Amino acid sequence: MVLSSIDDLADFVTASPGSYHAAAEVARRLAAAGYALLDETADWSDAVVPGARVVLVRDGAVIAVAVPESASATTPYRVLGAHTDSPALKLKPRPTIGGSGLLQAGVEIYGGPILASWFDRELDFAGRIVDTDGVQHLVRSGPWARVPHLAIHLDRDLNSGFSPDRQRDLQPILGVATPGDDIVGSLATLAGIAAEDVAGYDLVTVDTQPPRRFGIAGDLFASPRLDNLTSVHAGLRAMESLETGSAIAVLAAFDHEEVGSESRSGAAGPLLADVLERVTAALGGGRADLARAIASSWCCSADAGHAVHPNRPEMHDPANRPVVGGGPLLKINAVQRYTTDAAGAALWGRVCRAADVPWQEFVSNNDVPCGSTIGPITATRLGIRTFDVGTPLLSMHSARELCHVDDPGRLAAAAAVFLAAAE
Ligand code: ZN
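Fair warning: this is a prediction, and the values are worked out from it, not measured in the lab.

Asker: Help me understand the layout of surface pockets in this model?
Answerer: Taking a probe equal in size to a water molecule and rolling it over the atoms shows the remaining empty space. A volume near 770 Å³ is recorded for the largest pocket. Taken together, 34 residues make up the lining of the largest pocket; nearest its centre are His306, Tyr338, Pro369, Gly371 and Met396. Tallied by class, residues from the lining of the largest pocket come to 15 nonpolar, eleven polar and eight charged. In this structure, the second largest pocket spans a volume of roughly 430 Å³.

Shown next as structure tokens:
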């Protein structure tokens, strides 16, 4: 089954330079695949019925639901969870700054980027502008900005521990300064509104270089935002071609994972819990019915993970060394930074066998702190059985990450089996 070509992932990444674009692109594609756009403020009782396929966008988050024809008030859920955001530089208020004859933009740091990777690369600003009437405009600037390195001649110690000052060294240049420079005004032009009508914006940088295959055999893939658009894309592909099974399939892609998930569009908020409660209610169920449904439900928390770096293999566990091209990861952690337990591992094994894809376990070296995902947050909020998976990457949180061309499609194939409860 060719569920996901790497070219389609490249198209999705290109259409999704930030979380707001990613959520909108998921909704656009699912609408094209027959999903109805759902309004959170509306009564859902006529929209969410057996056989319904719906999608809703909340800021930079998106949730899609596919209800089987056989659904009842206690039908369990299969949730594929992911996140739409990535580390970046985020435009500050009063962004028009500069010095030494150059126009610069004031930015803060979003999430945990590898700062060195954001230097010397042409950057887009992408995200949303909200006008004084409260209307949202999605915009992207094109190649406006670059954070230039200081020449090695001016800092002979540059290569002995690169540690840029997070304020002084990260403000990108946008051109030669001219009288009347106004970055907000230029953003307003992108949105097709007047500068005085820009009431606020949520704009982050992204690498302008398109995703591409590379390597002597073309088997590697370089792209911005593989953490975590590989997972969002896998869920999207699965939902586009879903053959619903015995469970209600849900794709939940949250914003703000890279800054802790605590927001109204993040996994720590009530978004998913509210949607599941409302879906069960629309199918005639109350709180007890939802608890019954949740008790037999599963969440697959999908987020990019770490392949072994060939120059630093000792950073991994000696016995568990997942490789680029070896298939998606099953992520395991004793202190629940990942949710996977033995029951989740068993389900994932059945899913991958049914999808005919290889997989590999990831567990941290005890001396290397473990990252986390939306999995533990979702399991804690909902009490839903959860396991953590993801595409193995190198260069995670670089402006330009790396994976194998086959691994994202394998994750998508597994996601399709999981969401259809077809294992
Ligand atoms: Zn991630």
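Asker: Just checking my understanding: could you explain the sheet that holds strand β16 (residues 329-332) for this structure?
Answerer: Whether parallel or antiparallel, the strands of a sheet pair through hydrogen bonds between backbone atoms. Read from one edge of the open sheet, nine strands run β1-β2-β3-β13-β4-β14-β18-β16-β17, paired in mixed fashion. In the strand order of this sheet, the two ends are held by β1 (36-37) and β17 (360-363), each with one partner. With six bridges connecting them, strand β2 (residues 53-58) and strand β3 (residues 61-66) associate as antiparallel partners. Of the residues in β3, the one forming a bridge with Leu56 is Ile63. Running over the sheet, helix α2 (residues 19-32) touches β1, β2, β3 and β13 (248-254) and is turned about 25° from β3.

Asker: Just checking my understanding: could you explain the pairing of β2 for this structure?
Answerer: Both faces of the sheet carry side chains from a regular strand, because those side chains alternate between them. Looking at chain direction, β1 and β2 are connected through two bridges and run parallel. Across the sheet, residue Leu37 finds its bridge partner in β2, namely Val55. Adjacent in sequence and paired antiparallel, β2 and β3 are bridged by two residues, among which Asp59 carries a positive phi angle near 55°.

Asker: Just to check I follow, could you spell out the domain arrangement of the protein for this structure?
Answerer: By convention, interface size is frequently given as the accessible area that disappears when the constituent parts associate. Domain boundaries in the protein define domain 1 (6-86 + 224-419) and domain 2 (88-207). Between the C-alpha centres of domain 1 and domain 2 the distance comes to 31 Å. Domain 1 puts 22 residues into the contact, and the matching count from domain 2 is 19 residues. Between domain 1 and domain 2 lies a buried interface of about 1500 Å² when both sides are counted; carbon and sulfur atoms form 61% of it. Three residues stand out in domain 1 for area buried against domain 2, namely Tyr20, His21 and Ala399, and they jointly supply 36% of the buried area on that side. Its salt-bridge partner being Asp207, residue Arg400 comes within 3.1 Å of it at the nearest N-O pair. Linking domain 1 with domain 2 are nine residue pairs in polar contact (both at pLDDT 80 or more). Its residues assigned to classes, the side of domain 1 that touches domain 2 comprises eight nonpolar, eight polar and six charged.

Asker: It is not clear to me how unusual backbone geometry should be interpreted in this structure. Could you clarify?
Answerer: In most cases, non-glycine residues show a negative phi, while peptide bonds are predominantly trans. The step from Asp227 to Asn228 runs through a cis peptide bond, and the omega angle for that step is 20°. Tracing the backbone through its elements, the reader meets Asn228 in helix α4 (residues 226-240). Located in the positive-phi region is Asp356, a residue other than glycine, with phi close to 60°. Examined against the element boundaries, Asp356 turns out to sit in the loop between α7 (342-355) and β17. Here Asp356 falls in the exposed class, since its relative accessible area comes to 69%.

Asker: What exactly am I supposed to notice about the coordination of the zinc ion here?
Answerer: Reference geometry at the metal: tetrahedral coordination by four donors gives ideal angles of 109.5 degrees; octahedral coordination by six donors gives 90 or 180 degrees. Of the protein atoms, only His83 (NE2), Asp227 (OD), Asp303 (OD) and Asp303 (OD) coordinate the zinc ion, at distances of 2.0 to 2.7 Å. Considering all four donor atoms around the zinc ion, angles at the metal cover 53 to 142° and the coordination shape is irregular. Each donor residue of the zinc ion belongs to the same chain, with the gaps between them written as H-x143-D-x75-D. Of this pair, His83 sits in strand β4 (residues 77-83) while Asp227 sits in helix α4, and the two are 144 residues apart along the sequence. Note on Asp227: relative accessible area 3%, which makes it buried.

Asker: Just to check I follow, could you spell out the nonpolar core for this structure?
Answerer: If you look at soluble globular proteins, the nonpolar side chains tend to sit buried side by side. Judged by nonpolar contacts, the single largest core of 56 residues is most densely connected at Met239, Trp348 and Phe387. If you tally residues by element for this core, the top one is helix α9 (residues 407-419), at nine residues. When residues no more than four places from it in sequence are discounted, the contact partners of Phe387 are Trp298, Cys299, Cys300, Ser301, Leu330, Thr339, Thr340, Gly344, Leu347, Trp348 and Phe418. In this structure, Val65, Val67, Tyr77 and Leu290 belong to the second largest nonpolar core, which totals 31 residues.

Asker: Explanation requested: the packing of aromatic side chains in the structure shown.
Answerer: For any pair of aromatic rings, the description consists of the separation of the ring centres together with the inter-plane angle of the planes. Evaluation of the coordinates by the stated rule reveals five aromatic pairs. Ring plane angle 75° and centroid distance 6.3 Å describe the contact between Tyr338 and Phe362, whose orientation is recorded as edge-to-face. With Tyr338 in the loop between β16 and α7 and Phe362 in strand β17, the pair connects residues that are 24 residues apart, well separated along the chain. Judged by relative accessible area, Tyr338 falls into the buried class, the value being 4%. Residues Phe387 and Phe418 carry aromatic rings whose centres are separated by 5.7 Å and whose planes lie at 85° to one another, so their mutual orientation is edge-to-face. Here Phe387, found in strand β18 (residues 385-390), pairs with Phe418, found in helix α9; they are 31 residues apart in sequence, far enough to count as distant. Taken individually, Phe387 and Phe418 each receive the classification buried, so the pair is uniform in this respect. Ring pairs connect the aromatic residues Trp298, Trp348, Phe387 and Phe418, which therefore count as one cluster. Across from the ring centre of Trp44, 3.7 Å away, lies the NZ or CZ of Arg278, which sits over that ring.

What counts as what
Residues numbered from 1 in each chain as written. Predicted model: local features only at pLDDT ≥ 70, side-chain atom pairs only at ≥ 80, totals over all residues. Heavy atoms only, no water. 1 Å grid on protein atoms, 1.4 Å probe; cavity = no way out; pocket = protein on both sides within 12 Å on 5 of 7 lines; lining within 4 Å. Points joined across faces, edges and corners; volume = space filled by probe spheres on them. Nonpolar A, V, L, I, M, F, W, Y, C, P; charged D, E, K, R; others polar. Pairing = 2+ DSSP bridges. Helix = DSSP H or I, 4+ residues; strand = E, 2+ residues; numbered from the N terminus. Contact = heavy atoms within 4.5 Å. Axes fitted to C-alpha atoms, helices over the stretch in contact; angles between N-to-C directions. Domains from an automatic or database assignment. Buried area = accessible area lost by both parts, 1.4 Å probe. Salt bridge = Lys/Arg side-chain N within 4 Å of Asp/Glu carboxyl O. Polar contact = N/O pair within 3.5 Å; in protein donor to acceptor, adjacent residues only side chain to side chain. Buried < 20%, exposed > 50% of the residue type's maximum accessible area, 1.4 Å probe, protein only. Donors = N, O, S within 2.8 Å, 3.2 Å for Na, K, Ca; no water. Tetrahedral: all angles 85-135°; square planar, octahedral: opposite > 155°, others 65-115°. Core = buried A, V, L, I, M, F, W, Y, C linked by side-chain atoms within 4.5 Å. Phe/Tyr/Trp six-rings, centres within 6.5 Å; stacked < 30°, edge-to-face > 60°. Lys NZ or Arg CZ within 6 Å of the ring centre and 35° of its normal.

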